[in-house]
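Each chain, written out:
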Amino acid sequence: MADLDAFIARLPKAELHIHIEGSLEPEMMLALARRNGVTLPYASVEAAREAYRFTQLQDFLDLYYRGMSVLIEEQDFYDLTMAYLQRAAAQNVRHCEIFFDPQGHTERGVAFETVIDGLWRALRDGERIFGITTALILCFLRHLDEASAERTLDEAMPWRDRFIAVGLDSSEKGHPPAKFQRVFARARSLGLLAVAHAGEEGPPEYVREALDLLQVQRIDHGNRALEDPALVARLATERMPLTVCPLSNHRLRVVPDLKAHPLRRMLQAGLMATVNSDDPAYFGGYVTENFLAMQQALDLTREEIVTIARNGFLSAFCDEATRQRHLLAFDAFLKE
Ligand code: HPA
Ligand code: ZN
């Protein structure tokens, strides 16, 4: 429905699940490869897009880590982040919480400081230029060991005030949340909030571990929680936000097709579902395209769309004054 499409585009939105390295479009990837003298296996932008034929998480991750190898200088991280913020603002994203993968950079010799300085400078400029509010979430790569995560948290300490939470991403199967119990406990003792990818490819048990062992305030993805009715009831009672990423789920075959996506079932079960883009440069859409894909596949109503978008602001890690300001603007938009 064309008028719902326009409504989705104009609706104020919060994005809570976006990997900044996953917003690296092939155009910028090739430009940075040239700028930094990095060799990529893609001769053109089209060839890069053509190579994105993954049908499961690990195959995507292999391309994602290869892609981020062009990010070397502080300016690269700045340019990447500014490009995302510009696109997000154009889609009426009013608040975003951005994941970054420091180990994806420090493991190949880029200093933590280079990464955080570029991201931070872009967030400051972006907030001023686009009137958007932002926050950073430091993610640990779960395919690496906990000692590496501990070292990363140590390295991050001089910039403790620049991120609000820690997260857990990368290859899920075989790397349960339990593996990172100690580093998450230390992060929490430092006043950091916590999130974790769970139940994307991994079983419902990983969602329980994220709740019980990592004590997260949000679950990233969480799709497979639906296999466990008692877990669904718990998530609903706790009003635990799920940061759902429909186009990602489709591309990584977490769902067989978009019409089979559980988003509506999540809402009907009383779950606090939000819609997000995950890795927009790889999965074919930013947050608006994710809402549009769900509206079309599931024939979402205007009311369902409003609920999902409001859930984003309700689930954000901003201070209460900022949340109220965003919710007031959201409600004012709906009255227009
Ligand atoms: N899942 C796990 N790790 C990730 C993802 C994802 O969708 N994107 C970037 N790192
Ligand atoms: Zn993700």
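Residues numbered from 1 in each chain as written. Chains lettered and ligands numbered in written order. Predicted model: local features only at pLDDT ≥ 70, side-chain atom pairs only at ≥ 80, totals over all residues. Heavy atoms only, no water.

Here's the deal with the pairing of strand 4 (residues 165-169)
Consecutive side chains of a regular strand alternate in pointing toward one face of the sheet and then the other.
Reasoning step 1: Of all five residues that make up strand 4, five are buried, and the element is covered over most of its length.
Reasoning step 2: Side chains of strand 4 alternate between two faces, with A165, G167 and D169 and V166 and L168 buried alike.
Reasoning step 3: In terms of strand pairing, strand 4 meets strand 5 (residues 193-198) through two bridges, oriented parallel. Within strand 5, the position partnered with V166 by the bridge is A194. (Buried < 20%, exposed > 50% of the residue type's maximum accessible area, 1.4 Å probe, protein only. Helix = DSSP H or I, 4+ residues; strand = E, 2+ residues; numbered from the N terminus. Pairing = 2+ DSSP bridges.)

Observations regarding the site of ligand 1
Reasoning step 1: With respect to spatial proximity, the complete set of residues near ligand 1 consists of H19, L57, F60, L61, Y64, D169, S170, H197, E200, H221, D278 and D279.
Reasoning step 2: Separating an oxygen atom of ligand 1 from a side-chain N or O atom of D278 is a distance of 2.7 Å.
Reasoning step 3: Taken by itself ligand 1 offers 260 Å² of open surface, and the protein chains cover 100% of this.
Reasoning step 4: The leading source of residues in the shell around ligand 1 is helix 4 (residues 57-67), at four residues.
Reasoning step 5: In terms of residue class, the shell around ligand 1 is built from four nonpolar, four polar and four charged. (Near = heavy atom within 4 Å. Polar contact = N/O pair within 3.5 Å; in protein donor to acceptor, adjacent residues only side chain to side chain. Areas by Shrake-Rupley, 256 points an atom, 1.4 Å probe, with all protein chains shown as cover. Nonpolar A, V, L, I, M, F, W, Y, C, P; charged D, E, K, R; others polar.)

Describing helix 2 (residues 26-36)
Reasoning step 1: What helix 2 keeps buried is the set P26, M29, L30, L32 and A33. Buried residues in helix 2, looked at end-on, bunch into an arc of 165°, giving them a common side.
Reasoning step 2: For helix 2, the secondary structure elements touched by its buried residues are helix 3 (45-51), helix 4, helix 5 (74-90) and helix 14 (280-283).
Reasoning step 3: Looking one or two residues beyond helix 2, the residue adopting positive phi is G37, at roughly 65°. (Arc of directions from axis to C-beta. Contact = heavy atoms within 4.5 Å.)

Read these as geometric descriptors, not functional statements.
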